[in-house]
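A structural walkthrough
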Amino acid sequence: THTRHTHGRARARAHAPACTMDEDKAPADGAPADGPIPNENSTGSRDGEAEEKRRPCVLRVLDELWGKRFFLYFLIISIGVAAAYPEAGRKGGPLKPEITVSWVAVILIFFITGLKLKTKELGKAAAFWKLNVYVTLFTYVFIPGTVFILALVLRQTGYNEDIIDGLIVMSCLPTTISMCVILTKTGGGNEAAAVFNATVSNFLGIFLTPALLLLLLGESGSVSITDIILKLALRVIVPVAAGQILRLLLPQLTPWITRNGKNLKRVSEILLLFIVWATFCETFYQGVDAKPEEFAILLAILIPLHLFYLIVCFTTSQLSCLGYGRKDVVAVLFCSTEKTVALGIPLITAIYEDSGSVGILSIPVLIYHPMQLIVGSLLVVKLYQWAIEDDKEEDHLVVRKEDESTLEMKSKVMIGKGESQRISSMVV
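My aim in this report is to walk through the structure given alongside it, one point at a time. From a predicted model like this one, the values you see are computed outputs, not experimental measurements.

1. Observations regarding unusual backbone geometry
- We note that K96 has phi near 50 degrees; this positive angle belongs to a residue other than glycine.
- Mapped onto the secondary structure, K96 falls in the loop between helix 4 (70-84) and helix 5 (97-116).
- Taking relative accessible area as the criterion, K96 reaches 42% and is therefore assigned partly exposed.

Structure (structure tokens):
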């Protein structure tokens, strides 16, 4: 009994929020009834908050812009600047985007991707092979298939053809590189499975995304198959391979890559923003061939579409034949339904730079990216509460097993006593 109660209390502490006190610990003498005694740490935090408020407003704004929402803020800024002065980033302009964007920026992004890609760890994903199969099929079969059917319907309505093609392009992209891992961790899901699935999905996306685009768009992509293969080989596959080769030949680079992972990510984001800015400069310079109401219709399509994928994924991943626990379901949910903008924009630029509609093709994924972040952030609290129910059920199973073992021991003792009494009476 003592073991059972100790185990239960330990489990309860593990699931309790860090800010709560243990129930079996009484407050110290003189402590106020409504909270702990203020200490040096709380005083220091208040001093830090006061010092933060005394900082100039400009510095606080700069910190916010350079923080976690850096890409979202500067995405809006870059599109606004492109609309105000499109001549700066148009093709043939002073910055020569046909070289600096289409070649330099794209090659550097995929080189950094290859440098950071841990291919040795891909073998560990075999432990999560059921999750990998589900995520891969959902990402590269179910979503592209359903969007393709939706595109066939939209084409009958006279809706903007470039936006429809952009929807198909978005559907063929891999999952997010880091967002799905962060949301899985925050939602109490299987973080290890999320890491491996994000890596595998993006590695496969380098090859599967162009193949799916050729299959689903064909001639409507306004590019030749030969050009696509050549561009992907020179701008995507070769840089990724170069990053991998450099990582293998110079193993001393690995600690440096690990230490500077955030800095490399920020460099990739800046290059990506440069591509977005130049893309929209060309779009605004040529003229946007889409009406405002068409963008409103696109938003009205993407929101229920994303919710539909979340519902289908959450429902089907709980089928008993798959054998997923609740933490696995959370990982599958975020890895299967999200689409990356980090690899999406460079791929679109590399494939469709000569089509004259790269900006419109990019709009669906640029809208989908912040939308999926907002929806995921709203879901993580409820998912965390749902996911930890597995641990509570394990607690009940452990307690039940301990009860059964205790009863079994007691019964053996009683049987032993009864047997000894019977033998004694026989001897007498």
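From this point on, the discussion continues.
2. Some words on the packing of helix 8 (residues 179-186) against helix 16 (residues 358-387)
- Two elements in contact, helix 8 and helix 16, have axes separated by 8 Å at closest approach and are oriented at 20 degrees. The angle between helix 8 and helix 16 falls in the class roughly parallel. Helix-helix and strand crossings are classified by hand; for helix 8 and helix 16 the assignment is right-handed. Two secondary-structure elements touch here, helix 8 through M179, L183 and T186 and helix 16 through H369, Q372, L373, G376, S377, V380 and Y384.
- Partitioning the contact of helix 8 with helix 16 into residue classes produces five nonpolar, five polar and no charged.

3. Side note on the packing of helix 12 (residues 261-286) against helix 15 (residues 344-352)
- Viewed as axis vectors pointing N to C, helix 12 and helix 15 meet at an angle of 45 degrees, and their least axial separation amounts to 10 Å. Comparing the axis directions of helix 12 and helix 15 gives the class oblique. The hand of the helix 12/helix 15 crossing is left-handed. Contact residues: helix 12 offers L272, I275, V276 and T279, while helix 15 offers I345, P346 and T349.
- Here the residues of the contact of helix 12 with helix 15 sort into five nonpolar, two polar and no charged.

4. Comments concerning the environment of A192
- Its location among the elements puts A192 in helix 9 (residues 191-216).
- When the C-alpha positions of A192 and D328 are compared, they lie 9.8 Å apart, and in sequence the two are 136 residues distant.

5. Description of the packing of aromatic side chains
- Per the stated rule, a full pass over the model turns up 13 aromatic pairs.
- Aromatic side chains Y134 and F138 sit 5.9 Å apart centroid to centroid with 15 degrees between the ring planes, which places their arrangement in the stacked category. Of this pair, Y134 and F138 both sit in helix 6 (residues 129-155), four residues apart, which is roughly one turn of the helix. In this pair, the class of Y134 matches that of F138, namely buried.
- One aromatic cluster in this structure is built from Y134, F138, F142, F308, Y309 and Y324.
- Here R266 stacks its cationic end above the ring of W66, 4.8 Å away from the centre of that ring.

6. A look at the environment of Y73
- Residue placement: Y73 occurs in helix 4.
- With sequence-adjacent residues up to four places away left out, Y73 is seen in contact with E64 and L65.

7. Focus: helix 6
- With 27 residues, helix 6 extends 38 Å from end C-alpha to end C-alpha; this agrees with the ideal 39 Å at 1.5 Å per step.
- Along helix 6, the sharpest change in direction is near 40 degrees and occurs at F138.
- Those residues of helix 6 lying buried are L131, N132, Y134, V135, F138, T139, Y140, I143, P144, V147, A151 and L154.

8. Points about a nonpolar patch on the surface
- The grouping of I99, W103, V104, L108, L230, L234 and V238 at the surface amounts to a nonpolar patch, some 600 Å² of accessible area in total.
- Of all the secondary structure elements, the ones that give two or more residues to the nonpolar patch are helix 5 and helix 10 (225-249).
- Top element by residues in the nonpolar patch is helix 5. It accounts for four residues.
- A residue is classified by how much of its surface remains accessible, and W103, at 33% relative accessible area, is partly exposed.

Conventions adopted
Residues numbered from 1 in each chain as written. Predicted model: local features only at pLDDT ≥ 70, side-chain atom pairs only at ≥ 80, totals over all residues. Heavy atoms only, no water. Helix = DSSP H or I, 4+ residues; strand = E, 2+ residues; numbered from the N terminus. Buried < 20%, exposed > 50% of the residue type's maximum accessible area, 1.4 Å probe, protein only. Axes fitted to C-alpha atoms, helices over the stretch in contact; angles between N-to-C directions. Parallel < 35°, antiparallel > 145°, perpendicular 65-115°, else oblique. Left-handed = near helix turned anticlockwise from the far one by under 90°. Contact = heavy atoms within 4.5 Å. Nonpolar A, V, L, I, M, F, W, Y, C, P; charged D, E, K, R; others polar. Phe/Tyr/Trp six-rings, centres within 6.5 Å; stacked < 30°, edge-to-face > 60°. Lys NZ or Arg CZ within 6 Å of the ring centre and 35° of its normal. Expected span 1.5 Å × (residues − 1). Bend = angle between axes of the 7 residues up to and from the residue. Patch = residues over 30% accessible without salt bridge, like charges linked within 9 Å, V, L, I, M, F, W, Y side chains within 5 Å. Areas by Shrake-Rupley, 256 points an atom, 1.4 Å probe, with all protein chains shown as cover. Salt bridge = Lys/Arg side-chain N within 4 Å of Asp/Glu carboxyl O.

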